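# A structural walkthrough
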2 protein chains.
Amino acid sequence: MSTKKAPHRLYLNENEIPTRWYNLRADMKEQPDPMLLPNGVPAKEEDIYPVFCKQLAHQELDGETRWIDIPDEVLEVYKVYRPSPLCRAYNLEKALDTPAKIYYKFEGNNTSGSHKLNSAIAQAYYAKDEGLRGLTTETGAGQWGTALSEAAAYFGLELIVYMVKVSYNQKPFRKAIMETFDAKVIASPSDTTNVGRAILAADADDGGSLGTAISEAVEVAVTTEGYRYVLGSVLNQVLLHQSVIGLEAALALEKLDEYPDIIIGCAGGGSNLGGLIAPFMRDKILGKADPRIVAVEPASCPSFTRGKYAYDFCDTGKTTPLAKMYTLGSGFKPSANHAGGLRYHGMSPILSKLYHDGYMEAVAAEQTAVFEAAKQFAKLETILPAPESAHAIRAAADEALRCKETGEAKTILFGLTGTGYFDMTAYSQYNEGTMTDRIPTDEELAASLEGLPKNL
Amino acid sequence: MSTKKAPHRLYLNENEIPTRWYNLRADMKEQPDPMLLPNGVPAKEEDIYPVFCKQLAHQELDGETRWIDIPDEVLEVYKVYRPSPLCRAYNLEKALDTPAKIYYKFEGNNTSGSHKLNSAIAQAYYAKDEGLRGLTTETGAGQWGTALSEAAAYFGLELIVYMVKVSYNQKPFRKAIMETFDAKVIASPSDTTNVGRAILAADADDGGSLGTAISEAVEVAVTTEGYRYVLGSVLNQVLLHQSVIGLEAALALEKLDEYPDIIIGCAGGGSNLGGLIAPFMRDKILGKADPRIVAVEPASCPSFTRGKYAYDFCDTGKTTPLAKMYTLGSGFKPSANHAGGLRYHGMSPILSKLYHDGYMEAVAAEQTAVFEAAKQFAKLETILPAPESAHAIRAAADEALRCKETGEAKTILFGLTGTGYFDMTAYSQYNEGTMTDRIPTDEELAASLEGLPKNL
């Protein structure tokens, strides 16, 4: 146990920002099952060039290279907003009256307001480096769209963002911030794609989903000269880029002579969780340490806790390659839970494999309990958390309360992925007592999973 | 000139956060003219006890104590979100192709999104320490109201915020965040006070002003048991608390072997500017250095550049004591400029005195030029600035461009007071080309100044 007194916020020096990403796959005992083309054949790098730029396609399929140098141009931008602080939640510990030590890695100190910028910068850089003209993507809550807008503006790339229509309407300011970075923002489903037009023909009032927005963005990328598609989560390349979160956290804890007993992260597609846990999962796989690793997902979209580990499409339009992952079925429609970043039907194949093999746990949290934790945290720690991040706060507080019961002074680390400045509608609903959450019934999930691709 | 390579963001260690506030008045050659009661007699500490809690009343009138210990309870909260980074704007320098070195002190890394928290925490602490039950205040853009909500929640105080009605309607999310911290937010003018009722009787559609909101907040404070009034700018006590900005900036620059040739801050009531420049102004007064110090105000509300140095009321209702300051007249109605935090008719008496005595310069900036600078900055430095802060960016960029012409490698320091997450309506207007700015005519200003108290 550490005898050092941790500061409230520990910032590494600029020269301690990681210069290499860590590729967790290189240390996994078993690799995640391969990405498949719609015909069932494992995808080769060239197969996905129409969608992803070459270096990203390579990273996506590279399960062997343990350390990958971060390009200087990416590092130069990381230095503008990183390192992010490792914070000790002294006030929360005191309020919970727990013997546990609670640390959190805060990734919200940049304009995008979240960790998403770590991968956005990398993806935009590789696209620019290949001489591309523009990018397409989708966004739900808007964190990824904002981060990518920022990255695209920085590298001088055009950007088209398909934004889930319910979010587009609920969050006009998210659109405004993307437009401030000169991105073109389109409500999805839209009449700009075949996929979108087909969905609107079936239901003109369709509010959209991440899966649909992905279909539209991919369609535009593969049919527009000089364009490629990028994604902010789920993919192996994204977890690779996000490893900077975990590497910084591990180094900061090392300076404090600390090692976490429990590591907690919210999980939608897995971008934050996969990045945060990377070095600790490595220790676990290599037998050097045995921390508990906990994914927290919304009860309204419970891929880990109630989904199936199976091959599925990454999008609703069934146009993408197939991934083996925990999924609720690509046609799953989550309720209008405000943690928009956690409303995806699937989950990172890397994390899915680790969860399947028993390296991780998962819990589901209900929205009102999550906002209760968010509000308490905001008052004590002077950060207003994003609803997504607040799932991790909820679970961390629950673990700390368990420590209070048992008297164990465990060290907890959780990922505070971003700020909630653009989520005030949800906070208002919580403040006014009108917040709701709809948990899918077993019948609904079974029906949705019926649509999984067969014979894979 | 420094030979050290500055990091993009320099964070001091937790133990380098100032433990004392610096009271600039103690080093001024001439003191600011005293605060007067409405009868023209200088206010004594006891005179203002009905409005301010005792320790703050003392700080308000204390022109002698050079260093004032920051209470442990306040320091404990500072540690949660401070030190704030001193940033080097390498990307902006490159884009402007300037030999100048541009540094900025970024105060937006806390939930309130601005520097306002530095004084809010202090004021809430002293109120709690005196055993008070609650506080009242006003807010324009919402930064101060948010900061004080956060501080009041932390110390367990009730809070009533009078929010200028135009802002209240334009910025529902500002209201939501204050309510998340359990503040009661009332649109001003309101029917909850005599002042408000009188104004509404004259014009039911009155959109409010900071001056009116102050009148209402003061009225409630002095008529409610266990309540006092607090203010986020203008006052001497506020500049005192905000000295942490300048003290941290000076120490960080010292570590880099740097000293600024030009120090720039936006100025509404003067809270940020007064705090940022404090140690540098001290050097200037004591003859140890001679930096240029530049206040930037909006052309729509030009107290320094077109106002009069005279005794005036701090509020529209003429209920407060009188301050000698640069003022546009307490009845001045600024146009609906979106930099709501800079729309006050008056200016800090300390800064007014220094400006009057030739220690400072002032420039006025037009809104579209300010947003042009804001957008460029956001793309290059990954921080979306508040419109208020962007006034300082505009002036810093202009100075850097002047350096390009002259070839001088000057060192520029400006204050980046906060983030623009709640100002997306203004950004949208700028993006869409519908932003306007109305500069008062000479006749309007003359008419407004006619209303100044006579014979003082």
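Residues numbered from 1 in each chain as written. Chains lettered and ligands numbered in written order. Predicted model: local features only at pLDDT ≥ 70, side-chain atom pairs only at ≥ 80, totals over all residues. Heavy atoms only, no water.

### Quick notes on the overall build of chain A
Put simply, the test is: Elements are defined by DSSP. Helices are runs of H or I of four residues or more, strands are runs of E of two residues or more, and each kind is numbered from the N terminus. For the radius of gyration, the atom set is restricted to C-alpha positions; the globular benchmark scales as 2.2 Å times the number of residues to the power 0.38. What makes two residues a contact is simply this: any of their non-hydrogen atoms within 4.5 Å. Calculation of accessible area relied on Shrake-Rupley with a 1.4 Å probe; when residues are assessed, cover is drawn exclusively from the protein chains displayed. Under the convention used here, Asp and Glu are negative, Lys and Arg are positive, and both His and the chain ends fall outside the count. Each charge is placed at NZ for Lys, CZ for Arg, CG for Asp and CD for Glu.
Looking only at helices and strands, chain A has 17 helices and 15 strands in total. For 456 residues, the compact-globule estimate of 2.2 N^0.38 gives 23 Å, and the C-alpha radius of gyration of chain A, at 20 Å, lies within 12% of that figure. Overall, chain A is about 60 × 50 × 45 Å in size when its C-alpha atoms are taken along their principal axes. Within chain A, contacts between residues at least 6 apart in sequence are counted, and of these 77% link residues at least 24 apart. On chain A, roughly 14900 Å² of surface is accessible, and the fraction owed to carbon and sulfur atoms is 48%. When the 45 basic and 59 acidic side-chain charges of chain A are each reduced to a single mean position, those positions are 3 Å apart.

### Some thoughts on a negative patch on the surface
Residues and elements named next belong to chain A. Inclusion rule: To count toward a patch, a residue needs a relative accessible area over 30% and no salt bridge; like charges are then connected within 9 Å, while nonpolar side chains (Val, Leu, Ile, Met, Phe, Trp, Tyr) are connected within 5 Å. Salt bridges are defined as contacts in which a side-chain nitrogen from Lys or Arg sits within 4 Å of a carboxyl oxygen from Asp or Glu. Only protein chains enter the calculation, and the probe is 1.4 Å; a residue is then buried if its accessible area is under 20% of its type maximum, exposed if over 50%, and partly exposed in between.
A cluster of acidic residues, D69, D72, E73, E76 and D129, forms a negative patch at the surface. Take the negative patch: its biggest share by element is three residues, from helix α2 (residues 72–81). Relative to the helices and strands, D69 resides in strand β3 (residues 67–69). Its relative accessible area of 56% is what places D69 among the exposed residues.

### Re the confidence of the model for chain A
What counts here: The predictor attaches a confidence to each residue, and that confidence, scored 0 to 100, is pLDDT.
Chain-level pLDDT for chain A is 95 on average; 98% of the residues reach the 70-or-more range. Predicted complex metrics record ipTM = 0.93 and pTM = 0.95.

### Some details on the pairing of strand β11 (residues 292–298) of chain B
Residues and elements named next belong to chain B. Cut-off, in case you're wondering: One bridge is not enough; two strands pair if DSSP finds at least two bridges between them. When the strands point away from the viewer, a crossover counts as right-handed if the path from the first strand over the helix to the second runs clockwise.
Of all seven residues in β11, six are buried; the element is thus mostly enclosed. Inspection of the sheet shows strand β10 (residues 262–266) paired to β11 by five bridges, in the parallel sense. Looking across to β11, one finds that I262 is bridged to R292. For the segment spanning β10, helix α11 (residues 271–285) and β11, crossover handedness is right-handed. Bridge count between β11 and strand β14 (residues 361–365): five bridges; the pairing is parallel. Counterpart to A295 in the pairing with β14 is A362.

### As for the interface of chain A and chain B
Accessible area lost upon the coming together of the parts is a frequently used measure of interface size. Convention followed: Computed with a 1.4 Å rolling probe, the buried area is the accessible surface lost when two parts are put together, summed over both parts. As used in this structure description, the phrase polar contact means that two N or O atoms lie within 3.5 Å; if the pair is within protein, one of them must be able to donate a hydrogen and the other to accept it, and residues adjacent in sequence are counted only when both atoms belong to side chains.
Listed by partner, the interface residues are 40 residues for chain A and 40 residues for chain B. Taking both sides of the interface into account, the surface hidden between chain A and chain B amounts to around 4200 Å²; carbon and sulfur atoms contribute 57%. Three residues, V80, T382 and Y421 of chain A, lead the burial of chain A against chain B; their summed loss comes to 18% of the area buried on that side. Scanning the region where chain A abuts chain B turns up four salt bridges. A salt bridge links K375 of chain B to D182 of chain A, with the shortest nitrogen-to-oxygen separation between them at 3.4 Å. The interface formed by chain A and chain B contains 22 residue pairs in polar contact (both at pLDDT 80 or more). Among the secondary structure elements, those contributing two or more residues to the side of chain A that touches chain B are α2, α5 (143–155), α7 (172–180), α14 (367–381) and α16 (424–432) of chain A.

### With respect to the environment of K454 of chain A
All names here are of chain A. The topology assignment puts K454 in the segment after α17 (442–450). For K454, a relative accessible area of 53% gives the class exposed. Residues K454 and A310 lie 144 residues apart in sequence; the distance between their C-alpha atoms is 9.7 Å. A polar atom in the side chain of K454 sits 2.7 Å from the backbone oxygen of E450.

### Details of the sheet that holds strand β5 (residues 101–106) of chain A
Within a sheet, each strand pairs with its neighbour through backbone hydrogen bonds, oriented either parallel or antiparallel. Taken in spatial order, the seven strands of this open sheet run β1-β4-β5-β15-β10-β11-β14 (chain A), and their pairing is mixed. With partners counted over all chains shown, the strands left at the sheet margins are β1 (9–10) and β14 (361–365) of chain A, one partner each.

### Focus: the pattern of salt bridges
Any two side chains of opposite charge can pair if their charged atoms end up close together. Residue and element names in this part refer to chain A. A full pass over the atoms with the stated rule returns 58 salt bridges over all chains. A salt bridge links K101 to E258, with the shortest nitrogen-to-oxygen separation between them at 2.9 Å. Separated by 157 residues along the polypeptide, K101 in strand β5 and E258 in the loop between α10 (236–255) and β10 (262–266) bring together distant segments of the chain. Of the two residues examined, K101 and E258, each falls in the buried class. Measuring nitrogen to oxygen at the nearest pair gives 3.8 Å for the salt bridge that ties K410 to E408. Connected via shared salt-bridge partners are R82, K105, E107 and E248.

### Digging into the domain arrangement of chain A
Residues and elements named next belong to chain A. To keep it simple, the criterion reads: Domain delimitation follows an automatic or database domain assignment.
Looking at the assigned domains, one finds that chain A contains domain 1 (9–17 + 78–113 + 237–449) and domain 2 (29–68 + 116–233). Of note, the centres of domain 1 and domain 2, computed from C-alpha atoms alone, are 22 Å apart. With 51 residues of domain 1 at the contact, the number on the domain 2 side is 50 residues. In this assembly, domain 1 packs against domain 2 so that about 4000 Å² is buried in total across both faces, 55% of it on carbon and sulfur atoms. In terms of surface lost to domain 2, no three residues of domain 1 exceed S112, Q237 and F422, which account for 18% of the buried area on that side. As a salt-bridge pair, K171 and D423 come within 2.8 Å of each other at their nearest N and O atoms. Applying the counting criterion to the domain 1 and domain 2 interface returns 23 residue pairs in polar contact (both at pLDDT 80 or more). Looking at the side of domain 1 that touches domain 2, the elements with two or more residues in it are α2, α10, α11 (271–285), β12 (308–313), β13 (322–327) and α13 (349–356). The element best represented in the side of domain 1 that touches domain 2 is α10, accounting for eight residues.

### A look at the side chain of K171 of chain B
As for its position among the elements, K171 of chain B is in the loop between α6 (165–170) and α7 (172–180). The buried category is assigned to K171 of chain B, whose relative accessible area is 10%.

### A look at the relation of the copies chain A and chain B
For the pair of chain copies, the relating transformation is a rotation about an axis with a translation along it. Put simply, the rule is: Superposition of the copies used a least-squares fit over C-alpha atoms from residues whose pLDDT is at least 70 in both.
Mapping chain A onto chain B is achieved by rotating through 180° and translating by 0.0 Å along the same axis, at an RMSD of 0.0 Å. Accordingly, the operation relating the two chain copies is best matched by a two-fold axis. In this assembly, 100% of the residues forming the interface of chain A have copies in chain B that are likewise at the interface, indicating an isologous arrangement.

### A word on empty space enclosed by the protein
Heads up, the condition is: A pocket, in this scheme, is an open set of points on a 1 Å grid over the protein atoms alone with protein on both sides within 12 Å along at least 5 of 7 lines, while a cavity is a set where a 1.4 Å probe fits but cannot get out; residues line either one if an atom lies within 4 Å of a point. Grid points are joined across faces, edges and corners, and a volume is the space filled by probe spheres set on the points. Basically, the charged four are Asp, Glu, Lys and Arg, the nonpolar ten are Ala, Val, Leu, Ile, Met, Phe, Trp, Tyr, Cys and Pro, and anything else, Gly included, counts as polar.
For the structure shown, the criterion picks out 15 cavities of 30 Å³ or more. Looking at the largest cavity, its volume works out to about 350 Å³. Along the wall of the largest cavity there are 29 residues; nearest its centre are K116, L210, S233, G269 and G341 of chain B. Contributions of two or more residues to the lining of the largest cavity are made by β6 (134–139), α5 (143–155), α9 (210–223) and α11 of chain B. Here the lining of the largest cavity gets three residues from one element, more than from any other, and that element is α11 of chain B. Among the domains, domain 1 (9–17 + 78–113 + 237–449) and domain 2 (29–68 + 116–233) of chain B are the pair contributing at least three residues each to the lining of the largest cavity. For the second largest cavity, the calculated volume is near 220 Å³. Contributing to the lining of the second largest cavity are 20 residues, with K116, W144, L210, S233 and G341 of chain A lying nearest its centre. Going through the elements one at a time, β6 (134–139), α5 and α9 (210–223) of chain A are the ones with two or more residues in the lining of the second largest cavity. Here the lining of the second largest cavity is built from residues that sort into seven nonpolar, 10 polar and three charged.

### Comments concerning α7 of chain B
Owing to its 3.6 residues per turn, the α-helix brings residues three or four apart onto one side. Buried residues of α7 of chain B: F173, R174, A176, I177, M178 and T180 of chain B, and no others. Following α7 of chain B by one or two positions, D182 of chain B adopts a phi angle in the positive range, close to 70°.

### A few points about unusual backbone geometry
All names here are of chain B. Here the bond from R82 into P83 is cis, since omega is -10°, no more than 30 degrees from zero. Within the fold, P83 resides in the loop between α2 (72–81) and β4 (86–88). The omega torsion across S188 and P189 is 5°, close enough to zero to call that bond cis. Assignment of secondary structure puts P189 in the loop between β8 (184–188) and α8 (194–202).

### A look at the sheet that holds β14 of chain B
Residues and elements named next belong to chain B. Basically, it comes down to this: Each axis is a line fitted through C-alpha atoms, and for a helix only the stretch in contact is used; angles between axes span 0 to 180 degrees, taken between their N-to-C directions.
The strand order across the open sheet formed by seven strands is β1-β4-β5-β15-β10-β11-β14, and the pairing between neighbours is mixed. At either end of the open sheet lies a strand with only one pairing partner, and these are β1 (9–10) and β14. In this fold helix α10 (residues 236–255) packs onto β1, β4, β5 (101–106) and β15 (411–416), with an angle of close to 140° to the strand it touches most, β5.

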